[in-house]
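Chain by chain, the residues run as shown.
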Amino acid sequence: MENTKQKTFELSVRSTTEELSAIRDFIRQSISPAGITDEAMDKIILAVDEASTNVVKHAYHYAKDKEIKIQLELKSESCVVTITDFGDSFDPNEIPQPNMKQYLEEKRVGGLGLYLMRTLMDEVQYTSYDGKYNKLVLIKKISA
Amino acid sequence: MTIHESKENNVYVVSLTGRLDIMNCEPVEQKFAEVIDTKNEMQLLVDCSQLTFVSSAGLRLFIIALKKLNLKGGKMAFCALDSGTMKIFTISGYDKLFKIYDSRETALANF
């Protein structure tokens, strides 16, 4: 649903892998009229795809009947995407930022998703609200 | 997702056809595990000429395969990416981590 004054778009989908494609389409359709660069749009779509994949896998453990809420706000200088889930939370501070060259030489796994999102976006904020719901905020500066 | 495999000049070539996202990355993940862990192949070329889309889940399994081969002293490369797939590699910065060649022939010549 579009709120033209605030340029806010919202989508609520079930936590199935099939919906990830719908989420990508929603982001593309919401951003396209704003005239931001294709590169910025592609980065936002890939970051949201990663975030949504993480919700399906890690917050909901592939349970298909849960909710994923996506809110996209187009502001004058940024695009802010908030992904809300009601599943398991994680502590981003426990996941080190990998140096990829080094990461490829190490045996440990994990941290790839956050690395990818931080590479693609200008800001990544994750907050868990008393174990009731979690919000991941992805911010991309735009020049449009 | 269709997977074809062949071996050319000691290089194991896995060709991917279709879309690679979370819904169909499992067979590719299994194929990489079979090639790297079971067959113990040390040189892997992923032919992307028929690959039409890669999501973040696809990028993840590529990185994991590269990491496994790195740890064993092996090599992994990609060839014939279309512009859409190349864009995903570029914006994620993964183009700097992987060896990417224009064609299968060039890739095979450079292993």
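No experiment lies behind these values; they were computed from the predicted model shown. (Residues numbered from 1 in each chain as written. Chains lettered and ligands numbered in written order. Predicted model: local features only at pLDDT ≥ 70, side-chain atom pairs only at ≥ 80, totals over all residues. Heavy atoms only, no water.)

Caption draft 1: Spotlight on the overall build of chain B. Along its length, chain B carries 4 helices and 5 strands. Each helix (α) and strand (β) of chain B, taken in turn from the N terminus, gives the series β-β-α-β-α-β-α-β-α. The C-alpha radius of gyration of chain B comes to 12 Å, within 12% of the 13 Å expected for a compact globule of 111 residues. With respect to the principal axes defined by its C-alpha atoms, chain B has extents near 30 × 30 × 25 Å. Looking at chain B as a whole, 51% of its 111 residues qualify as buried. Of all intrachain contacts in chain B linking residues separated by at least 6 positions in sequence, the fraction that spans at least 24 positions is 69%. Split by element, the accessible area of chain B, about 4900 Å² in all, is 48% carbon and sulfur. (Helix = DSSP H or I, 4+ residues; strand = E, 2+ residues; numbered from the N terminus. Rg over C-alpha atoms; globule rule 2.2 N^0.38 Å. Buried < 20%, exposed > 50% of the residue type's maximum accessible area, 1.4 Å probe, protein only. Contact = heavy atoms within 4.5 Å. Areas by Shrake-Rupley, 256 points an atom, 1.4 Å probe, with all protein chains shown as cover.)

Caption draft 2: Spotlight on the interface of chain B and chain A. Chain B puts 22 residues into the contact, and the matching count from chain A is 28 residues. In total, about 2200 Å² of surface goes out of reach between chain B and chain A, with carbon and sulfur atoms giving 65% of it. Run the count over chain B and chain A and you get 3 salt bridges. B:Asp21 is the partner of A:Arg24 in a salt bridge, and the nearest nitrogen-oxygen pair spans 3.5 Å. There are 4 residue pairs in polar contact (both at pLDDT 80 or more) connecting chain B and chain A. For the side of chain B that touches chain A, the secondary structure elements donating two or more residues are α2 (56-72) and α3 (83-91) of chain B. Among the elements that take part in the side of chain B that touches chain A, α2(B) stands out by supplying 9 residues, more than any other. (Buried area = accessible area lost by both parts, 1.4 Å probe. Salt bridge = Lys/Arg side-chain N within 4 Å of Asp/Glu carboxyl O. Polar contact = N/O pair within 3.5 Å; in protein donor to acceptor, adjacent residues only side chain to side chain.)

Caption draft 3: Molecular detail of the pattern of salt bridges. With the rule as written, the count across this model stands at 14 salt bridges over all chains. The partner of B:Lys31 in a salt bridge is B:Glu5, with the nearest N and O atoms 2.6 Å apart. Of the two residues, B:Lys31 sits in helix α1 (residues 26-38) while B:Glu5 sits in strand β1 (residues 2-8), which places them 26 residues apart along the sequence. One network of salt bridges, with partners in common, ties together A:Arg24, A:Asp49, B:Arg19 and B:Asp21.

Caption draft 4: View of the packing of aromatic side chains. All names here are of chain B. For the structure shown, the criterion picks out 11 aromatic pairs over all chains. For the ring pair Phe 78 and Phe 89, a centre distance of 5.4 Å and an interplane angle of 65 degrees mean the geometry is edge-to-face. Of the two residues, Phe 78 is situated in strand β4 (residues 75-79) and Phe 89 in helix α3; the sequence distance between them amounts to 11 residues. Both residues of the pair, Phe 78 and Phe 89, belong to the buried class. (Phe/Tyr/Trp six-rings, centres within 6.5 Å; stacked < 30°, edge-to-face > 60°.)

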